[in-house]
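Residues per chain, in single letters:
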Amino acid sequence: MPHDHYDHHHLSPSGHPYREDNDAPLSYWQTMEIAIREIMIEKGEFTAAEVNAQIEAMDARNPTNGAKVVARAWDEPSFKAALLADGSKATREMGFDIGPMNLVAVENTEDTHNVIVCTLCSCYPRNLLGLPPDWYKTREYRSRTVKEPRKVLAEFGVDLPEATTCRVHDSTADMRYIVLPARPAGTEGWSQEQLAELVTRDSMIGTGLPKVPG
Amino acid sequence: MLEAGAQVRIRDMSPPGHIRTPHYLRGKTGVIERALGPYENPEQRAYCLPAPEKQLYRVRFSMRELWGDEAETPDDTLDAEIYEHWIDTHAA
């Protein structure tokens, strides 16, 4: 399930699927977006270069921000307590521009595993993790994770022991969620930089686990 | 204000418009996990209308409550954010 499925009937000679040209007429909202953007540029509210710079800034955000938060929580008990008590405040104090985001961090422990989903749309802590993966927005992930989370996790390669409680978090309103994975064994004495290398994007969504040292 | 641990029932209603209470939670019983504070009601905010603030809560449900006999692991849980006007404290 983590992978997209292509229509295998239309492959190029190189064996790759053709991508359809975007020749379809613009939708109502696409037309509206272009019209508003062009009017704003004409009126001097902002320039096309500024719009592009904003898009580049959004594209540049990536899971290494979240990984730094997790690594610090593993290393500093007082920061971990602050993060679990008020995720927005703790990450803002680390210097991350999280905007109006309200962050809730949920902790994986020996007996609890957390996984994040947004059944209504695609709410995701973009300021800390970057853009969501395509599968996060699919109907399959959204509908199945709330009903059969263990099966979904198994497809991601995470097999939960029966004794572990699985907690699903449906991001239905104003909060955004990040999973604080359990610190891997064998990392005693590691620096935060070393620890951050173990923290994957999926481990912060809950569909993965951190890398193990070695 | 509801306290963590309070038992609640999600109202089973289907008003038109932009709603943030998923259908699969309507009519279900859960427990307040934490109070999140006041947030502008998205049911008005989505239409750029004046949006009064409503208390927002994280409510925890058991998979047993949500899916009955079809639950994958009945004691696993699901948490979701629910606004106060969708929460019934008497019918729990």
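Refer to the preceding data block for the structure.
Residue positions within a chain follow its written sequence, with the count starting from 1. The lettering of chains begins at A and the numbering of ligands begins at 1, in the order of writing. Only residues with pLDDT of 70 or above have their local features reported here, since the model is predicted, and side-chain atom pairs are shown and tallied only from 80 upward, although totals for entire chains, interfaces and linings are computed over all residues. No hydrogens and no water enter the side-chain calculation; it runs on all heavy atoms of the structure.

### As for the overall build of chain B
- Assigned secondary structure in chain B consists of two helices and five strands.
- Only DSSP runs of H or I with at least four residues qualify as helices, and only runs of E with at least two residues qualify as strands; both kinds are numbered from the N terminus onward. For chain B, the succession of helices and strands along the chain, N to C, is β-β-α-β-α-β-β.
- Dimensions of chain B, computed from C-alpha atoms along their principal axes, come out at roughly 40 × 25 × 20 Å.
- Burial here depends on accessible area, computed with a 1.4 Å probe over protein chains only, as a share of the maximum for the residue type. Under 20% is buried, over 50% is exposed, and the range in between is partly exposed. Counting across all 92 residues of chain B, residues that qualify as buried make up 45%.
- Each accessible area is a Shrake-Rupley result for a 1.4 Å probe, and residues are judged covered by the shown protein chains and nothing else. Just so you have it, chain B exposes about 4700 Å², and 47% of that area is on carbon and sulfur atoms.
- The charge count includes Lys and Arg as positive and Asp and Glu as negative, but it does not include His or the ends of the chains. Charge placement uses NZ in Lys and CZ in Arg. For Asp and Glu, CG and CD serve respectively. Computed over 11 positive and 16 negative side-chain charges, the separation of the two mean positions in chain B equals 3 Å.

### Some remarks on a nonpolar patch on the surface
- Patch construction takes residues with relative accessible area above 30% that form no salt bridge. Like charges are linked within 9 Å, and nonpolar side chains (Val, Leu, Ile, Met, Phe, Trp, Tyr) are linked within 5 Å. Any Lys or Arg side-chain nitrogen found within 4 Å of a carboxyl oxygen on Asp or Glu counts as a salt bridge. Nonpolar side chains collect at one region of the surface, where Tyr28, Trp29, Met32, Ile36 and Met40 of chain A lie side by side and expose about 550 Å² of accessible area between them.
- Here Ile36 of chain A shows up in helix H1 (residues 28–42).

### Points about the layout of surface pockets
Residues and elements named next belong to chain A.
- Here a cavity is any set of points on a 1 Å grid over the protein atoms alone where a 1.4 Å probe fits but cannot get out, and a pocket is any open set with protein on both sides within 12 Å along at least 5 of 7 lines; a residue lines the site when it has an atom within 4 Å of a point. Grid points are joined across faces, edges and corners, and a volume is the space filled by probe spheres set on the points. Reported here for the largest pocket is a volume of approximately 290 Å³.
- In this structure, the largest pocket is lined by 17 residues; those nearest its centre are Asn108, Thr109, His113, Ala182 and Leu209.
- Classes in brief: Ala, Val, Leu, Ile, Met, Phe, Trp, Tyr, Cys and Pro nonpolar; Asp, Glu, Lys and Arg charged; the others, Gly included, polar. In terms of residue class, the lining of the largest pocket is made up of nine nonpolar, five polar and three charged.

### Things to note about unusual backbone geometry
Residue and element names in this part refer to chain B.
- At Cys48, a position not held by glycine, the phi torsion is positive, near 60 degrees.
- With respect to the helices and strands, the residue Cys48 is situated in the loop between helix H1 (42–45) and strand S3 (53–62).
- Overall, the relative accessible area of 74% leaves Cys48 in the exposed class.

### Things to note about the environment of Gly17 of chain B
- With respect to the secondary-structure elements, Gly17 of chain B resides in the loop between strand S1 (7–10) and strand S2 (29–40).
- Between the C-alpha atom of Gly17 of chain B and that of Gln44 of chain B, which follows or precedes it by 27 residues, the distance is 9.0 Å.

### Focus: the pairing of strand S2 (residues 112–117) of chain A
Residue and element names in this part refer to chain A.
- In terms of residue burial, S2 counts as a mostly covered element, since six of its six residues are buried.
- Both faces of S2 are covered, namely the face carrying Thr112, Asn114 and Ile116 and the face carrying His113, Val115 and Val117.
- The rule for pairing is simple: two strands pair if DSSP sees at least two bridges between them. Pairing analysis gives six bridges linking S2 to strand S3 (residues 165–170), with the strands arranged parallel. Within S3, the position partnered with His113 by the bridge is Cys166.

### Observations concerning the nonpolar core
- Nonpolar cores were defined as sets of buried Ala, Val, Leu, Ile, Met, Phe, Trp, Tyr and Cys residues, with membership established by side-chain atoms within 4.5 Å. Core analysis: the biggest nonpolar cluster contains 68 residues, and Tyr141 of chain A together with Leu78 of chain B have the highest contact counts within it.
- Of all the elements, helix H3 (residues 64–75) of chain A adds the most residues to this core, at six residues.

### With respect to the packing of aromatic side chains
Residues and elements named next belong to chain A.
- In this scheme Phe, Tyr and Trp rings, the latter by its six-membered ring, pair at centre separations within 6.5 Å, and the angle between planes marks the pair as stacked below 30 degrees, edge-to-face above 60, and tilted otherwise. Following the criterion strictly, the structure yields eight aromatic pairs over all chains and no others.
- Arranged with centres 6.3 Å apart and planes meeting at 65 degrees, the rings of Trp135 and Tyr136 form a pair that is edge-to-face. Residue Trp135 shares its accessibility class with Tyr136, and that shared class is buried.

### Looking at the interface of chain B and chain A
- A contact between two residues is defined here by any heavy atoms of the two lying within 4.5 Å. Facing the 24 residues of chain B at the interface are 25 residues of chain A.
- Summed over both partners, the interface of chain B with chain A comes to about 2100 Å²; 46% of that surface belongs to carbon and sulfur atoms.
- Buried surface area refers to the total accessible area, computed with a probe of radius 1.4 Å, that the two partners give up upon joining, counted for both partners together. When residues of chain B are sorted by the area they lose upon contact with chain A, Arg20, Glu72 and Glu81 of chain B head the list and together hold 27% of the total.
- Taken together, chain B and chain A are joined by three salt bridges.

### Some thoughts on the sheet that holds S2 of chain B
- Taken in spatial order, the seven strands line up as S2(A)-S3(A)-S4(B)-S3(B)-S2(B)-S1(B)-S5(B) in an open sheet, and their pairing is mixed. The sheet terminates laterally at S2 of chain A together with strand S5 (87–88) of chain B, the two strands that pair on one side only.
- Sheet topology note: the S1 of chain B/S2 of chain B ladder contains three bridges and is antiparallel. Across the sheet, residue Gln7 of chain B finds its bridge partner in S2 of chain B, namely Val31 of chain B.

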